[in-house]
Amino acid sequence: MTDKIIIFDTTLRDGEQSPGASMTKEEKLRIARQLDKLGVDVIEAGFAAASPGDADAIHSIAKIIERSTVCSLARASEKDVRAAGEAIKPAKHGRIHTFIATSPIHMQHKLRMSEDQVVERAVQAVKWALEYTDDVEFSAEDAVRSEMDFLVRIFDAVIQAGATTLNVPDTVGYSIPLLWGERFKELIARVPNSDKVIWSTHCHNDLGMASANSLAAVMNGARQVECTINGLGERAGNASLEEVVMAIKTRRDVFTCDTGIDTTQIVPTSKLVSSITGYPIQPNKAIVGANAFAHESGIHQDGVLKHRETYEIMRAEDVGWGANKMVMGKHSGRAAFRARLQELGIVLDGEEAVNAAFARFKDLADKKHEIFDEDLQALVSDEEAAQVSEHYRLVAMGAHSETGVLPVARVVLSVGGKETHADAQGGGPVDAIFKAIEQIAKSETELLLYSVNNITSGTDAQGEVTVRLTKGGRVVNGQGADTDIVTASAKAYLNALNKLHAGTERAHPQV
Ligand code: KIV
Ligand code: ZN
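Cut-offs and rules
- Residues numbered from 1 in each chain as written.
- Chains lettered and ligands numbered in written order.
- Predicted model: local features only at pLDDT ≥ 70, side-chain atom pairs only at ≥ 80, totals over all residues.
- Heavy atoms only, no water.
- Helix = DSSP H or I, 4+ residues; strand = E, 2+ residues; numbered from the N terminus.
- Buried < 20%, exposed > 50% of the residue type's maximum accessible area, 1.4 Å probe, protein only.
- Contact = heavy atoms within 4.5 Å.
- Areas by Shrake-Rupley, 256 points an atom, 1.4 Å probe, with all protein chains shown as cover.
- Lys, Arg positive; Asp, Glu negative; His and termini not counted.
- Charge placed at Lys NZ, Arg CZ, Asp CG, Glu CD.
- Phe/Tyr/Trp six-rings, centres within 6.5 Å; stacked < 30°, edge-to-face > 60°.
- Donors = N, O, S within 2.8 Å, 3.2 Å for Na, K, Ca; no water.
- Pairing = 2+ DSSP bridges.
- Right-handed = clockwise from strand over helix to strand, strands pointing away.
- Axes fitted to C-alpha atoms, helices over the stretch in contact; angles between N-to-C directions.

**Student:** Explanation requested: the overall build of the chain in the structure shown.
**Tutor:** Within the chain, the regular secondary structure consists of 17 helices and 16 strands. Reported as C-alpha extents along the three principal axes, the dimensions of the chain are approximately 75 × 60 × 45 Å. When burial is assessed residue by residue, the chain has 56% of its 511 residues classed as buried. At a minimum sequence separation of 6, the contacts of the chain that also span at least 24 residues come to 67%. For the chain, the accessible surface area stands at approximately 21,600 Å², while carbon and sulfur atoms represent 52% of it. Positive and negative charge centroids in the chain, built from 55 and 71 side chains respectively, lie 2 Å apart.

**Student:** What is the right way to look at the packing of aromatic side chains in this model?
**Tutor:** Each aromatic ring pair is specified by the distance between its two centres and by the angle formed by the two planes. In total, this model carries eight aromatic pairs according to the counting rule given. Ring pairs connect the aromatic residues F138, F155 and W199, which therefore count as one cluster.

**Student:** What is the right way to look at the coordination of the zinc ion (ligand 2) in this model?
**Tutor:** By definition of the ideal shapes, four donors in a tetrahedron about a metal sit 109.5 degrees apart, and six donors in an octahedron sit 90 or 180 degrees apart. For the zinc ion (ligand 2), the full set of protein donor atoms is D14 (OD), H202 (NE2) and H204 (NE2), and the range of their distances to it is 2.0 to 2.2 Å. Binding-site remark: the zinc ion (ligand 2) is held by donors from one chain whose sequence spacing is D-x187-H-x1-H. Linking D14 in the loop between β1 (6–9) and α1 (25–38) with H202 in strand β7 (residues 198–203), this pair joins segments that are 188 residues apart in sequence. Note on accessibility: D14 and H202 belong to one class, buried.

**Student:** Can you walk me through the pairing of strand β5 (residues 136–141) in this structure?
**Tutor:** Looking down a regular strand, the side chains alternate between one sheet face and the other. In terms of residue burial, β5 counts as a mostly covered element, since six of its six residues are buried. Burial along β5 is two-sided: the face carrying V136, F138 and A140 and the face carrying E137, S139 and E141 are both buried. Bridge analysis of strand β4 (residues 94–101) against β5 gives six bridges, and the strand direction is parallel. Of the residues in β5, the one forming a bridge with I100 is A140. At this point the chain moves from β5, through helix α6 (residues 148–161), to the parallel strand β6 (residues 165–170), and the crossover so formed is right-handed.

**Student:** It is not clear to me how the sheet that holds strand β11 (residues 392–402) should be interpreted in this structure. Could you clarify?
**Tutor:** Sheets are built from strands that pair by backbone hydrogen bonding, the pairs being arranged parallel or antiparallel. An order of β11-β12-β13 is seen for the three strands of this open sheet, with the pairing classed as antiparallel. Looking along the sheet, the strands with just one partner apiece sit at the ends: β11 and β13 (418–425). The mean angle between the axes of side-by-side strands here comes to 10°, regardless of whether they run parallel or antiparallel. Where β11 meets strand β12 (residues 405–415), nine bridges bridge the pair, whose relative direction is antiparallel. Residue pairing in the sheet places A399 in a bridge with A409 of β12. Against the sheet, helix α16 (residues 429–441) touches β11, β12 and β13, its axis set at about 40° to β12. This element, helix α17 (residues 485–502), spans β11 and β12 of the sheet and lies at about 145° to β11.

Rendered as structure tokens:
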């Protein structure tokens, strides 16, 4: 058994299944480049059969990623596996991850298949996948509620068929560490040739134990952990990459194994994923939350000043805190701007895109003197949002609020190329702006979430706004950043409307 833990990141697949977190191809490419820099071993880039857009994004990621293995999910059907195989074709290292449910409740009610049929389909899916790559992963969906004898039978069959990684998912986040560890111990002991494959754990966080369960699996022989940045994912999310990696690193005495992650890239990756998906990070989130290394009580502060390890088990700089040095300002030129984007792994498509981003940078530098890496990331996100499809474009806006007077707002929008304006009153300037936009758009959407985060510190920081809208069962997140949060709010609202208008969000892979 090796002492290397394979980190399989599924932010771009399971993470993307968080409501409204669906990403454009460009956004996925930016995250994939950053995941490669972070040092993840496998990037699950999407689910090729879900939509042509998904397949295209995986294909594009497979073309540019050199070091990490690029993987596509596929149900155990010929159509899915072949779509995955085509999507990963350009990859230097490509993997197909095929799955079928193995629990009685799923087999009976969802698949309506017998145990024999499920085993036969799993074996067949692995064989189809082997036509494209010899790196084939098989998952027994809902393994947590599957019968042990049946799991042993199906895992034995797929090993014989040629699967190289066997994934055991706690699809519904039901397990607890003790039982999850025992499940791995028993599987590895009972499945013939279990030492010829990598055992993998994939845990959901419904009871808040995804990371703990994953680590229990590692202690009992799992050598691959499936996880996501910031614990993003279906419902309550997946195991957090940052928690699993830092637990293994900090408690090497317990785990006696290691990952290949460059931990100094954890915080920049977390911020990038949060900014692209519009999922803010709670301040007290382990490792990547703003308070994770902040000592508030006098006793703690005194202790840390006297001897850091009194209250700190990890060093903030080891996970990438403090890396947001001031990079540029008003006087920085195009060459410096381009060089910094390159260092951040941001590739803009052609000279025109660089010019447009540079113009935005200059505008921002006029309002805000110190421009940090996070500002540049937000600026590029804004630029990409503008590229998606600007059916609704903000031409101009104004809002007025004064003590004792109802706030008013005016917007001028270009709708499908035609300019129009509206005025509205609201409970606050943001409410008034949204009402004015709605007078024009008449979108009949419901606002599910409105949140504002400061990208960096200080009162001149850009506010990053997320607006989540829903209509007819579809959910989208819109983002906007600006030093003026009312403008950022209008941008975010329009970004969400544009996404709904373009209809680019992806289907749910497990349906
Ligand atoms: O949670 C789950 O079971 C999954 C599988 C597709 C691996 O995401
Ligand atoms: Zn999952």
